[in-house]
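# Examining the three-dimensional arrangement
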Amino acid sequence: MNPNCYCGNPIPFSDCCEPYIKGIKAAPTAETLMRSRYSAYAVHAIEYLLKTTHISQRKYHSKKDIEQWAVTNQWVKLEVLQSTEKTVVFKAYFLDAALQPQVHHEKSTFKQQNGHWFYVDGKFY
């Protein structure tokens, strides 16, 4: 088993992203939230992905579509390229349904409300 978390941090999933996904802890930064959301795709934690999407944007995201995207792909690696207080630029590497390598390159925007970070939207490259 890989000792690193799905998000690429050199610690086990159980000590890294899992406490955020399970609601035990709140992500302290936008980057931490983004990393935990990547891990949520890898472990198919669809409710967490919906819950951490900003309320103003949830109507644009279908649970069925999120689940399809998470389950169809094999999540290989996350690379954080740049991080500010409210944005994260990253590349998510995955194998699609045909096992072809793909890269999802995005600049995500986040918003903090009541001590919790939420994904707002992203610009895709």
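Above: the structure in question.
The sections below set out a description of the structure shown in this document. As the structure is a prediction and not an experimental result, all values here were calculated from the model.

## Notes on helix α2 (residues 30–43)
For α2, with 14 residues, the first-to-last C-alpha span of 20 Å sits near the 20 Å given by 1.5 Å per residue. Where burial is concerned, most of α2 is hidden: twelve out of the 14 residues are buried. Every buried residue of α2 is accounted for by A30, T32, L33, M34, R35, S36, R37, Y38, S39, A40, Y41 and A42. One or two steps after α2, the chain reaches H44, where phi turns positive at roughly 60°.

## Details of the packing of aromatic side chains
For any pair of aromatic rings, the description consists of the separation of the ring centres together with the inter-plane angle of the planes. This model, assessed by the stated rule, comprises seven aromatic pairs. For the ring pair Y6 and F13, a centre distance of 5.2 Å and an interplane angle of 75° mean the geometry is edge-to-face. Seen in terms of ring centroids, W69 and W75 are 5.8 Å apart; in terms of plane orientation they differ by 65°. Their pairing is edge-to-face. Judged by its relative accessible area of 35%, W69 falls in the partly exposed class.

The rules behind these values
- Residues numbered from 1 in each chain as written.
- Predicted model: local features only at pLDDT ≥ 70, side-chain atom pairs only at ≥ 80, totals over all residues.
- Heavy atoms only, no water.
- Helix = DSSP H or I, 4+ residues; strand = E, 2+ residues; numbered from the N terminus.
- Expected span 1.5 Å × (residues − 1).
- Buried < 20%, exposed > 50% of the residue type's maximum accessible area, 1.4 Å probe, protein only.
- Phe/Tyr/Trp six-rings, centres within 6.5 Å; stacked < 30°, edge-to-face > 60°.

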